[in-house]
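Below, each chain spelled out in residue letters.
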Amino acid sequence: MTTDLTQRVAKKAAAGKQVAQRPATAAAPTLAQFVDSMRGEIARALPDHVSPDRIARIALTELRRVRHLPECTQASFGGALMTCAQLGLEPGGAIGEAYLVPFFNKKLRAYEVQLIIGYQGMIKLFWQHPLAAGLDAQTVYEADEFEYAYGLDPMLRHVPSLATDRGRPVAYYAVARLKNGGSAFVVLPPGDVERVRRRSKAADDGPWCTDYDAMAKKTGVRQLFKLLPKSTELAHAVAHDGTVRRDVSADGIDAAPDYIEGETVEADDEGADADEGGAQ
């Protein structure tokens, strides 16, 4: 028995020595460390009037604020951050220019960042076009005076009610004017907006829950942009809105982004069999 005990002690000591001699693997950097390492790339991508330190600070704030965001892949987080930097948009919900929404990719079994360009972001990019002369989006309520017509003689007239309670929304519209005298507008009933929301992968999460009115107006603005000349930045914003970008290089903004299938679920919910979301 003494011999067996001696052998077991010797074997355990040898195993411990082997473990101690095994080189330690470097821990994967956190997303906060990843953001800090990206400051140089962010600075090179940003317009001159936007501070890279501010973008990095906002990104770190979002990591602390948004549930599941710290669990997202570095590639998708970095891609979303680079898109915001290249478009000159702030990646946080406070201003409403862009939102970083965690999304669970069922194929990869991992969280990824879906970038949603906000209403304010779309408007900001529209004004960068040399022909831009005016852009507005409004919600129409039951008590308002409202009429419109399409065709050869288009017309839109909206007189908001001064009543304290204007009733429920009955329409959303966006209208734009150009310096060459051109103009265009789009009117969407609430049902059309709801169909867009339900097709969105973030239908029940993110800005559709926190800023529904702004997202409804943005839906009208997006439809309106199909009728208007777009700057390169605005075209990129429309292309990347609601997508996942995994290329953090500067050229990544010119590549076709990816629409992912999945939903916002817990990462360890292996048995989840929920419906696949569509793209907005």
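Residues numbered from 1 in each chain as written. Predicted model: local features only at pLDDT ≥ 70, side-chain atom pairs only at ≥ 80, totals over all residues. Heavy atoms only, no water.

**Things to note about the pattern of salt bridges**
Thinking step 1. In total, this model carries 18 salt bridges according to the counting rule given.
Thinking step 2. A salt bridge links Asp 192 to Arg 195; the nearest nitrogen and oxygen atoms lie 2.3 Å apart. Of this pair, Asp 192 and Arg 195 both sit in helix 7 (residues 190-199), separated by three residues, roughly a single helical turn.
Thinking step 3. Taking relative accessible area as the criterion, Asp 192 reaches 25% and is therefore assigned partly exposed.
Thinking step 4. With a shortest N-O distance of 2.8 Å, Asp 241 and Lys 218 are connected by a salt bridge. Taken together, the residues Asp 241 in the loop between helix 10 (232-240) and strand 8 (262-263) and Lys 218 in helix 9 (residues 212-225) connect sequence positions 23 residues apart. As far as burial versus exposure is concerned, Asp 241 and Lys 218 are alike and both buried.
Thinking step 5. Here the salt bridges do not stand alone but share partners, grouping Glu 194, Arg 197, Arg 198 and Asp 204 into one network. (Salt bridge = Lys/Arg side-chain N within 4 Å of Asp/Glu carboxyl O. Helix = DSSP H or I, 4+ residues; strand = E, 2+ residues; numbered from the N terminus. Buried < 20%, exposed > 50% of the residue type's maximum accessible area, 1.4 Å probe, protein only.)

**As for the sheet that holds strand 6 (residues 169-178)**
Thinking step 1. With antiparallel pairing, three strands are arranged side by side in an open sheet as 3-6-7. Each end of this open sheet is capped by a strand with a single partner; those strands are strand 3 (132-141) and strand 7 (183-188). Neighbour-to-neighbour, the strand axes of the sheet open up by a mean angle of 10 degrees, direction not taken into account.
Thinking step 2. Pairing between strand 3 and strand 6: nine bridges, direction antiparallel. Across the sheet, residue Leu 135 finds its bridge partner in strand 6, namely Ala 176.
Thinking step 3. Along the sheet, helix 7 contacts strand 6 and strand 7; its crossing angle with strand 6, the most-contacted strand, is approximately 85 degrees. (Pairing = 2+ DSSP bridges. Axes fitted to C-alpha atoms, helices over the stretch in contact; angles between N-to-C directions. Contact = heavy atoms within 4.5 Å.)

**Describing the pairing of strand 1 (residues 98-105)**
Thinking step 1. Summarising burial for strand 1: eight of the eight residues are buried, a large majority.
Thinking step 2. Burial along strand 1 is two-sided: the face carrying Ala 98, Leu 100, Pro 102 and Phe 104 and the face carrying Tyr 99, Val 101, Phe 103 and Asn 105 are both buried.
Thinking step 3. Both strand 1 and strand 2 (residues 110-117) contribute to a ladder of eight bridges, which runs antiparallel. Bridging across to strand 2, Val 101 finds its partner in Gln 114.
Thinking step 4. What sits between the antiparallel neighbours strand 1 and strand 2 is a turn of four residues, in which Arg 109 has the positive phi angle 55 degrees.

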